[in-house]
Amino acid sequence: MSEQLRKFEEPLKTDLEELLGRFQRTTSVRYEDFSSMWRDMKFGDIFHGIQNLKEKNAFSRIALNTATAYFLPPYSFQVRVGGLYVLYGLYHSQCSLPKQKIRLALKDWGDVQAFTQDALSSQHYDVVYILHKLLGTKAFHFTAMPVPLAFLRDKKNQVMPNTEAVAKPSSRPQQLVTTEMLEEVANIHQHYKQLKASVSAQHPEASLNLVRHNLVPKLFNSVMSFSTWQNIHTQGGEASVQSTSLDEPSTSSSSNQHQQQQECSRRADLLASIKARSYGQVVEVAKSRRHRQAELCSAGDAGPREDPGMGGVPGAIPRRRRRFHNSLRYRTLRRLYETGGIPEEFLTSTKLWRLSKADQEETTRAIKTRFKW
């Protein structure tokens, strides 16, 4: 959304509320009544004041997203019908190329279906026709979220205004506990006590005497104490906000740097503690490897070690040394030789490929010399 077009959101919302207010005063859901108001207010001319195509597309998205809120709960049925008619008019009167679609989240589709069933059951066929007309022209863009989301869209640190001071305090208990309600509760409580007394007179039991006395005065005192506490809390919050707002601009940069340093040191301490705990525990060795005792090493010894079999190269992958075992034939002959069963000459292998030479003759192996540059 263009930053220059954000200023049109509030005026557009005001115009939409004016149009829907007029439509609501007619106490009708007919499209002919809405179209006459649309033409009287010349609502379709809001797209004709922008010349740039990019800005037209952005303003069309703003208008459709603003009007979509009136088509969904918690508004009444008549206001939602007016919101549907507004979406139909805005979609067909926009000057964008291509036409911008109406974003509708998947979580809101169930509400739209329930709204369609209510219109069908009430025989409001013009409402159903307008909705199916929008669906037939593929005016809806079904999305996962109502507004597009992006990761780190605003890179600038925007200072959010403090709305606690201007926020209206909650007055639900005061609105609920009124004078009329207290009188009604007192009458019901008195009637309940009389019924209890009549029943207990006939069937005396201890459980029938459980009646809360002074119910209405206690309820009134609780509401008044809550209202007093709320006023004191609100005044104290405003005073604290005013006192801290004077010192905030001068100490904002230093406090941010201090928070960053604390965060870095806290992370370093956490990593060090995790590393110390991991190297301070000895894993239980399996039964097949009990002959190899586990050693406890410190966190400083966790770096790459030098392998003596690799020439002292740190970090090198150690080679797996192959162990050569004597054959079964050699072990059997060796055992017979030790017991005196065979002479020593049987331990040496017979070289059958040297039968043409004398047994006492030694054959010298030819030494091949490699050429050196």
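Residues numbered from 1 in each chain as written. Predicted model: local features only at pLDDT ≥ 70, side-chain atom pairs only at ≥ 80, totals over all residues. Heavy atoms only, no water.

Per an unreviewed UniProt entry, the protein is named snRNA-activating protein complex subunit 1b isoform X4, and its organism is Clupea harengus.

1. Brief notes about the environment of Thr26
Spelled out, the test is: Secondary structure elements are taken from DSSP: a helix is a run of H or I of four residues or more, a strand is a run of E of two residues or more, and numbering for both begins at the N terminus. Each residue gets one of three labels from its accessible area relative to the maximum for its type: buried under 20%, exposed over 50%, partly exposed in between, using a 1.4 Å probe on protein chains only. The criterion used for residue contact is that any of the two residues' heavy atoms lie within 4.5 Å. For the purposes of these results, a polar contact is taken to be a pair of N or O atoms within 3.5 Å, where, inside protein, one atom must be able to donate a hydrogen and its partner to accept one; residues adjacent in sequence count only when each atom of the pair is a side-chain atom.
Among the structural elements, Thr26 can be located in the loop between helix H1 (9–25) and helix H2 (31–41). When its relative accessible area of 29% is taken as the criterion, Thr26 is described as partly exposed. Separated by 52 residues in sequence, Thr26 and Gln78 have C-alpha atoms that sit 10.0 Å apart. Beyond its immediate sequence surroundings of up to four residues, Thr26 is in contact with Met37 and Gln78. Within the structure, Thr26 has its side chain in polar contact with the backbone oxygen of Phe23 (distance 2.5 Å).

2. Some thoughts on empty space enclosed by the protein
One way to see where empty space is left: roll a probe the size of a water molecule over the atoms. Note the threshold: Both site types are read off a 1 Å grid over the protein atoms alone. A 1.4 Å probe that fits but cannot get out defines a cavity, while an open set with protein on both sides within 12 Å along at least five of seven lines defines a pocket; lining residues have an atom within 4 Å of a point. Grid points are joined across faces, edges and corners, and a volume is the space filled by probe spheres set on the points.
Per the counting criterion, the structure on display carries one cavity of 30 Å³ or more. A volume near 30 Å³ is recorded for the largest cavity. If you go around the largest cavity, the residues you meet are Phe47, Ile50, Lys56, Phe59, Ser60, Cys95 and Ser96.

3. Topic: the packing of helix H3 (residues 53–68) against helix H4 (residues 77–93)
When two helices pack together, their arrangement is captured by the angle between the axes and the distance separating the axes. As a reminder, the rule being used: All axes are obtained by fitting lines to C-alpha atoms, using only the stretch in contact for helices, and the reported angles, taken between N-to-C directions, cover 0 to 180 degrees. Orientation categories follow fixed angle ranges, with anything under 35 degrees roughly parallel, anything over 145 roughly antiparallel, 65 to 115 roughly perpendicular, and all other angles oblique. Whether a crossing is left-handed or right-handed is set by the direction in which the near helix is turned from the far one by less than a right angle, anticlockwise for left-handed and clockwise for right-handed. Any residue that is not Ala, Val, Leu, Ile, Met, Phe, Trp, Tyr, Cys, Pro, Asp, Glu, Lys or Arg is counted as polar, Gly included; the first ten are nonpolar and the last four charged.
Relative to each other, H3 and H4 sit at 165°, their axes nearing to 9 Å. Taken together, the axis directions place H3 and H4 in an arrangement best described as roughly antiparallel. H4 is crossed by H3, and the crossing has left-handed handedness. Of the residues in H4, those touching H3 at Ala63, Leu64, Ala67 and Thr68 are Gly83, Val86, Leu87, Leu90 and Tyr91. Partitioning the contact of H3 with H4 into residue classes produces seven nonpolar, two polar and no charged.

4. Thoughts on the confidence of the model for the protein
For clarity, the cut-off: Values of pLDDT, the confidence the predictor places in each residue, fall between 0 and 100.
Averaged over every residue, the pLDDT of the protein is 75; the share at 70 or more is 66%. Counted against residues more than four places away or in other chains, residues 155–168, with its pLDDT under 50, gives two contacts.

5. A closer look at the packing of H4 against helix H6 (residues 125–136)
Close contact between H4 and H6 brings their axes to 10 Å; oriented N to C, the two are set at 40°. The angle between the axes of H4 and H6 places the two elements in the oblique class. Regarding H4 and H6, the two cross each other, and that crossing is left-handed. Contact residues: H4 offers Val81, Leu84, Tyr85, Tyr88, Tyr91 and His92, while H6 offers Asp126, Val127, Ile130, Leu131, Lys133 and Leu134.

6. Notes on the environment of Phe220
Residue placement: Phe220 occurs in helix H9 (residues 215–279). Residues Phe220 and Thr179 lie 41 residues apart in sequence; the distance between their C-alpha atoms is 9.4 Å.

7. Section: H1
Put simply, the rule is: Expected helix span is given by 1.5 Å per residue-to-residue step, counting one fewer step than there are residues.
Taking 1.5 Å of rise per residue, the 17 residues of H1 would be expected to cover 24 Å, and the 24 Å separating its terminal C-alpha atoms lies within 8% of that figure. Inspection of H1 places Leu12, Leu16, Leu19, Leu20, Gly21 and Phe23 among the buried residues, and these make up the whole buried set. For H1, the elements touching its buried residues are H2, H3 and H4. Where H1 terminates, the next one or two residues include Thr27, which has phi positive at roughly 50°.

8. A look at the nonpolar core
To keep things clear, this is the line we draw: Here the nonpolar core consists of buried residues drawn from Ala, Val, Leu, Ile, Met, Phe, Trp, Tyr and Cys, with membership extended through side-chain atoms lying within 4.5 Å.
Within the largest apolar cluster, 43 residues are counted, with the highest numbers of intra-cluster contacts made by Phe71, Leu84, Val86 and Leu90. For this core, the secondary-structure elements that each account for two or more residues are H1, H2, H3, H4, strand S1 (102–105), helix H5 (109–121) and H6. Looking at which element gives the most residues to this core, the answer is H4, with nine residues. Leaving out residues up to four positions away in the same chain, Leu84 has contacts with Phe71, Phe115, Val127, Ile130, Leu131 and Leu134.

9. Remarks on the side chain of Gln100
Relative to the assigned elements, Gln100 resides in the loop between H4 and S1. Residue Gln100 is classed as buried on the basis of its relative accessible area of 15%. Among all residues touching Gln100, those that are not within four sequence positions of it are Asn57, Ser60, Arg61, Leu64, Tyr91 and Gln94.

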